[in-house]
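# Observations on the three-dimensional arrangement
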Amino acid sequence: MVKKMNHHQNTPRFACHCTFLLFSAALFAISTTAAHPFDYADALTKSLLYFESQRSGRLPYNQRVTWRDHSALTDGLEQGVDLVGGYYDAGDHVKFGLPMAFTVTMLSWSIIQFHDEIAIAGELEHALEAIKWGTDYFIKAHTSPNVLWAEVGDGDTDHYCWQRPEDMTTSRQAYKIDQNNPGSDLAGETAAAMAAASIVFKKTNPHYSVLLLHHAQELFEFGDKYRGKYDGSIAVVKSYYASVSGYMDELLWAAVWLYEATDKEEYLTYFVDNAASFGGIGWAISEFSWDVKYAGVQIMASKLLEKGKHKQHAHILKQYRSKAEYYLCSCLNKNNDTTTNVDRTPGGLLYIRQWNNMQYVTTAAFLLTIYSDFLQDSNLKLHCPTGTVDHEEILSFAKSQVDYILGSNPMNMSYLVGYGSKYPTRVHHRGASIVSYRENKGFIGCTQGYDHWYSRAEANPNVLVGAVVGGPDCEDDFGDQRDDFMQTEACTYNTAPLVGVFARLLKLEGNNELELVSSY
């Protein structure tokens, strides 16, 4: 039995004072990249496979991850609502609404931005299925205009138990937000996810797209009208996915996605009028995550600035862009004050914090890639305090981060599970670490799981293909140990941003549009 760990808490940033030499890191990146070209098509395929491993509910006939089976088929029954489906967020079996919604938003943004590249790679159908598995659940969870079911399962009891999802005996208590127990952050992120997904399905499934948009608009209205943090209404989530940034970033995030989906002026007005009071043009942030959405909001606002019809809002949109550029420049190590730049490991990996650092790397790679394309299309450059950066340099750095994940690092380890010849084999994941239910249907209880499977020195019997683990420490060291959840646990929101980036790099590889350019 291990004690409960608050392993999803987004704690305040503690800088790990890693020393690094930019020159040596650049030499390392050049030598390893040249020696090991990466198969981005294979990485894309594997990344989408991961979401099938995380499915909760009744699995479909075309399920490709065959070591998984049906699970949590009575979710919501005690509360009289059907909450079967959705995703387990990581290596446990709680369905947390906030990170699940962010995962779906990032998958949707990947398709919106890189639809053709994903289609050419033959992965569009799988990407759409990954999104729809999430949005189908959100439709179920949004049972009335002002009610959204936020969580199924209890983190405390779940973390005392090491079981396959198919054997689950832990609490499946469900928790909701409503007008008396608000959760503007959760409502806002779920609205953003459904609005973004409505854009994705607009041509291929128009009726479904309209349904998603209807839910998104209702959720936004609910979150805006009844304001409050969801962890103030649902105490059990505080130890796992506490909303440290509050709800204002999610309301701005929802508004900008609803504007993208509808082109309705009311959402743009909301986004502009609340820019200052909600921190959109006040907060300069150096991370983008399931909790902190400001950088994503600011990037999207920057893109709006180039559209002629938004000239009357240019003053506010330019302030949004200024904050977006702060984020980008901090990732690129080009802010004047070095304390505001994101730390890097000696091997060149962006380093935000010790616990599941890869989530911040993958979101940074995504936003850098998005902005690189935006600059290229607009014939613009990024102006940082220490110099001007062109789109090629930005994309080159994003690529360096992805290549690090795929194995261009001092450990020669792929942090994308199942990719390459060396990757984590003892991922902190209940289902992957225990013999497959389809292979052995004999019941495995909580303590039996800990005694016989959690503590094993051997590799997991099931490979969690496509998962991105927490990754190395600030010195590039990685211990492939099941009990080291900070490094070996994977989460859906780690992998989701890479779907788009892999597709973009696949196009880059095909076009040879970028020579090896790096000053990093």
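Residues numbered from 1 in each chain as written. Predicted model: local features only at pLDDT ≥ 70, side-chain atom pairs only at ≥ 80, totals over all residues. Heavy atoms only, no water.

### Describing the overall build of the chain
Of the regular secondary structure elements, the chain holds 19 helices and 7 strands. Along the longest, intermediate and shortest principal axes, the C-alpha atoms of the chain span 60 × 55 × 40 Å. Taken across its 520 residues, the chain has 62% of its residues classed as buried. Summarising the internal contacts of the chain: among those between residues at least 6 apart in sequence, 76% fall at separations of at least 24. Taken as a whole, the chain presents about 18700 Å² of accessible surface, with 52% of it coming from carbon and sulfur. If you average the places of the 43 positive and of the 61 negative side-chain charges in the chain, the two averages end up 2 Å apart. (Helix = DSSP H or I, 4+ residues; strand = E, 2+ residues; numbered from the N terminus. Buried < 20%, exposed > 50% of the residue type's maximum accessible area, 1.4 Å probe, protein only. Contact = heavy atoms within 4.5 Å. Areas by Shrake-Rupley, 256 points an atom, 1.4 Å probe, with all protein chains shown as cover. Lys, Arg positive; Asp, Glu negative; His and termini not counted. Charge placed at Lys NZ, Arg CZ, Asp CG, Glu CD.)

### A word on the packing of helix α4 (residues 124-141) against helix α6 (residues 184-200)
Closest axis-to-axis distance for the α4/α6 pair is 10 Å, and the angle between their directions is 135°. The angle between the axes of α4 and α6 places the two elements in the oblique class. Where α4 crosses over α6, the two elements pack in a sense that is left-handed. Contacts from Leu-128, Ile-131, Thr-135, Phe-138 and Ile-139 of α4 reach α6 at Thr-190, Ala-193, Met-194, Ala-197 and Val-200. Of the residues in the contact of α4 with α6, the class split is 8 nonpolar, 2 polar and no charged. (Axes fitted to C-alpha atoms, helices over the stretch in contact; angles between N-to-C directions. Parallel < 35°, antiparallel > 145°, perpendicular 65-115°, else oblique. Left-handed = near helix turned anticlockwise from the far one by under 90°. Nonpolar A, V, L, I, M, F, W, Y, C, P; charged D, E, K, R; others polar.)

### A look at the sheet that holds strand β1 (residues 95-96)
Here we have 3 strands laid out as an open sheet, ordered β1-β2-β3, and antiparallel in their pairing. Where the open sheet ends on each side, the last strands, each with one partner, are β1 and β3 (174-177). (Pairing = 2+ DSSP bridges.)

### Some words on the state of the cysteines
Summed over all chains, the structure comprises 2 disulfides. Cysteine Cys-331 is unpaired, with the sulfur of Cys-329 as its nearest cysteine sulfur at 9.3 Å. Cys-491 takes part in no disulfide bond, and the closest cysteine sulfur, belonging to Cys-161, lies 19 Å away. Judged by relative accessible area, Cys-491 falls into the buried class, the value being 3%. (Disulfide = S-S within 2.5 Å.)

### Quick look at the confidence of the model for the chain
Here the chain averages 91 in pLDDT, while 91% of its residues score no lower than 70. Scored below 50 in pLDDT, residues 1-35 shows 82 contacts in the model against residues more than four places distant or in partner chains. (pLDDT = per-residue confidence, 0-100.)

### Topic: the side chain of Asn-335
Within the secondary structure, Asn-335 sits in the loop between α13 (314-331) and β4 (343-344). Accessibility expressed as a relative area gives 6% for Asn-335, which makes it buried. Separated by 3.5 Å, the side chain of Asn-335 and the backbone oxygen of Tyr-326 make a polar contact. (Polar contact = N/O pair within 3.5 Å; in protein donor to acceptor, adjacent residues only side chain to side chain.)

### Overview of the UniProt feature "active site" (unreviewed entry) in the chain
Within this structure's numbering, the places UniProt gives as "active site" (unreviewed entry) are His-428. Structurally, the position occupied by His-428 is in the loop between α15 (391-406) and α16 (430-433). In contact with His-428, not counting residues within four places along its chain, are Gly-91, Trp-162, Tyr-454, Arg-482, Asp-483, Phe-485, Thr-488 and Glu-489. From its side chain, His-428 meets the backbone oxygen of Arg-482 in a polar contact 2.7 Å long. (UniProt positions renumbered as here; feature names shortened; annotations may be inferred.)

### Quick look at the pattern of salt bridges
For the structure shown, the criterion picks out 22 salt bridges. For Lys-46, the salt bridge goes to Asp-42, with nearest N and O atoms at 2.8 Å. Linking Lys-46 with Asp-42, this pair stays in helix α2 (residues 40-53), spanning 4 residues, or about one helical turn. Put simply, Glu-52, Arg-55 and Arg-64 are held in one network by salt bridges that share partners. (Salt bridge = Lys/Arg side-chain N within 4 Å of Asp/Glu carboxyl O.)

### So, the environment of Ala-432
One can find Ala-432 in helix α16. On a C-alpha basis, the gap between Ala-432 and Arg-164 in space is 8.1 Å, while along the polypeptide they are 268 residues apart.

### A short note on the packing of aromatic side chains
One pass over the structure, following the stated rule, counts 26 aromatic pairs. Residues Trp-253 and Phe-288 carry aromatic rings whose centres are separated by 5.8 Å and whose planes lie at 75° to one another, so their mutual orientation is edge-to-face. Residue Trp-253 is found in helix α10 (residues 248-262), and its partner Phe-288 is found in the loop between α11 (265-273) and α12 (294-305); the two are separated by 35 residues along the sequence. We classify Phe-288 as buried; its relative accessible area is 1%. Of note, Arg-55 hangs over the ring of Trp-133, and the distance from its end group to the ring centre comes to 4.6 Å. Taking NZ or CZ as reference, Lys-132 lies 4.7 Å from the ring centre of Tyr-208, over its face. (Phe/Tyr/Trp six-rings, centres within 6.5 Å; stacked < 30°, edge-to-face > 60°. Lys NZ or Arg CZ within 6 Å of the ring centre and 35° of its normal.)

### Describing the packing of α10 against α12
When two helices pack together, their arrangement is captured by the angle between the axes and the distance separating the axes. In the contact formed by α10 and α12, the axes pass within 9 Å of each other and the chain directions differ by 35°. In the packing of α10 onto α12, the handedness of the crossing is left-handed. Along its contact with α10, which presents Met-248, Asp-249, Leu-252, Trp-253, Val-256, Trp-257, Tyr-259 and Glu-260, the element α12 presents Tyr-294, Gly-296, Val-297, Met-300 and Leu-304. For the contact of α10 with α12, the class distribution of residues is 10 nonpolar, 1 polar and 2 charged.

### What about the nonpolar core?
Among the nonpolar cores identified, the biggest contains 160 residues, and Trp-109, Phe-271, Tyr-320 and Leu-382 are the most heavily contacted of them. Residue contributions to this core peak at 12 residues, all from helix α14 (residues 358-378). By size, the runner-up hydrophobic cluster in this structure holds 7 residues, among which are Trp-162, Val-435, Ile-444 and Trp-453. (Core = buried A, V, L, I, M, F, W, Y, C linked by side-chain atoms within 4.5 Å.)

### A short note on α2
Each turn of an α-helix holds 3.6 residues, which means side chains three or four residues apart point in the same direction. In this model α2 runs 20 Å from its N-terminal to its C-terminal C-alpha over 14 residues, within 8% of the 20 Å that 1.5 Å per residue would give. A side-chain oxygen of the first residue of α2 lies 3.2 Å from the backbone nitrogen of Ala-41; this N-cap is Asp-39. (Expected span 1.5 Å × (residues − 1).)

### Regarding the side chain of Ser-198
Along the chain, the position of Ser-198 falls in helix α6. Other than its neighbours up to four places away in sequence, Ser-198 contacts Ser-209, Leu-212, Leu-213 and Ala-261.

### Some points on the pairing of strand β2 (residues 148-152)
Counting buried residues in β2 gives 5 out of 5 residues, a clear majority hidden from the surface. Here β1 runs beside β2; their pairing, made up of 2 bridges, is antiparallel. Bridging across to β2, Phe-96 finds its partner in Glu-151.

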